[in-house]
Amino acid sequence: MRPTGVTILAVLYALGGIFGVVRGALSLNFIPLVMGIVELAIAYGLWNGQNWGRILVMIFSILGIIGGAVMAALGPTLMILMFKASPMMATNMGMFMGVISTIFTVSGIIGIVVNAIILYYMTRPHVKEFFTA
């Protein structure tokens with residue numbers, strides 16, 4: 001029997017894949033189209049208990065953790081660079097840049113947490129068992 005978390009991830013990957021394919025096709029942009037196809041393949045693998053689907057989710061989660069760390073570090077870095085570049089501009093746009101910096105930092109931290117939870121979940125014995133059965 002498929003674990004509930006795997007079902008949820010499969011549905012989310014399928015929805016993301018559909019969105020990516022439609023976005024890529026409508027905008028004639030190759031990258032979202034390919035990513036959408038990859039996400040649909042992952043959804044298929046998860047739904048059908050294919051271990052390669054679990055491995056791809058784990059790889060994407062690791063990349064998501066790295067991306068979240070970069071995003072979280074980028075927030076304060078934006079503020080530092082702006083103040084160094086132009087103290088007057090920093091004073092005039094300080095509040096706006098503070099909001100942007102906070103958004104970068106918070107979204108990066110959320111990305112790290114969510115991807116770490118997914119990575120942890122995909123290594124649980126009952127989940128691994130589903131993919132080896």
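The structure reproduced in this document is the subject of the present report. Given the structure is predicted, the values throughout are model-derived calculations rather than measurements.

### Structural notes on the overall build of the chain
When you go through the chain residue by residue, the secondary structure sums to 6 helices and 0 strands. Carbon and sulfur atoms form 79% of the exposed surface of the chain, whose accessible area is close to 8,300 Å².

### Thoughts on a nonpolar patch on the surface
A cluster of nonpolar residues, Ile-55, Ile-59, Ile-62, Leu-63, Ile-66 and Val-70, forms a patch on the protein surface that exposes about 530 Å² of accessible area. Mapped onto the secondary structure, Ile-55 falls in helix 3 (residues 51–85). Accessibility expressed as a relative area gives 39% for Ile-55, which makes it partly exposed.

### Concerning the packing of helix 1 (residues 4–27) against helix 2 (residues 30–47)
Contact pair helix 1 / helix 2: the axes reach a minimum separation of 7 Å and the direction vectors enclose 155°. Classified by the interaxial angle, the pair formed by helix 1 and helix 2 is roughly antiparallel. Crossing angle aside, the handedness with which helix 1 passes helix 2 is left-handed. Residues of the contact of helix 1 with helix 2, tallied by class, amount to 17 nonpolar, 6 polar and 2 charged.

### Focus: the nonpolar core
Judged by nonpolar contacts, the single largest core of 15 residues is most densely connected at Val-6, Leu-46, Val-57, Met-122 and Phe-131. Contributions of two or more residues to this core are made by helix 1, helix 2, helix 3, helix 5 (94–122) and helix 6 (125–132). Here this core takes 4 residues from helix 1, the largest share from any one element. Not counting residues up to four positions away in its chain, the partners in contact with Val-57 are Tyr-13, Ile-42, Leu-46, Ile-118 and Met-122.

### Some words on helix 1
Taking 1.5 Å of rise per residue, 24 residues should cover 34 Å, and helix 1 covers 34 Å from first to last C-alpha, within 8% of that figure. Val-6, Leu-9, Ala-10, Tyr-13, Gly-17, Gly-20 and Gly-24 are the residues of helix 1 that are buried. Backbone geometry just downstream of helix 1 places Leu-28 in the positive-phi region, at approximately 55°.

### Observations regarding the packing of aromatic side chains
One pass over the structure, following the stated rule, counts 1 aromatic pair. Judged by centre distance (5.1 Å) and plane angle (75°), the rings of Phe-130 and Phe-131 are edge-to-face. Taking NZ or CZ as reference, Arg-2 lies 3.7 Å from the ring centre of Trp-47, over its face. Here the guanidinium or amino end of Arg-124 rests over the ring plane of Tyr-120, the centre of that ring lying 3.9 Å away.

What counts, and at which threshold
- Residues numbered from 1 in each chain as written.
- Predicted model: local features only at pLDDT ≥ 70, side-chain atom pairs only at ≥ 80, totals over all residues.
- Heavy atoms only, no water.
- Helix = DSSP H or I, 4+ residues; strand = E, 2+ residues; numbered from the N terminus.
- Areas by Shrake-Rupley, 256 points an atom, 1.4 Å probe, with all protein chains shown as cover.
- Patch = residues over 30% accessible without salt bridge, like charges linked within 9 Å, V, L, I, M, F, W, Y side chains within 5 Å.
- Salt bridge = Lys/Arg side-chain N within 4 Å of Asp/Glu carboxyl O.
- Buried < 20%, exposed > 50% of the residue type's maximum accessible area, 1.4 Å probe, protein only.
- Axes fitted to C-alpha atoms, helices over the stretch in contact; angles between N-to-C directions.
- Parallel < 35°, antiparallel > 145°, perpendicular 65-115°, else oblique.
- Left-handed = near helix turned anticlockwise from the far one by under 90°.
- Nonpolar A, V, L, I, M, F, W, Y, C, P; charged D, E, K, R; others polar.
- Core = buried A, V, L, I, M, F, W, Y, C linked by side-chain atoms within 4.5 Å.
- Contact = heavy atoms within 4.5 Å.
- Expected span 1.5 Å × (residues − 1).
- Phe/Tyr/Trp six-rings, centres within 6.5 Å; stacked < 30°, edge-to-face > 60°.
- Lys NZ or Arg CZ within 6 Å of the ring centre and 35° of its normal.

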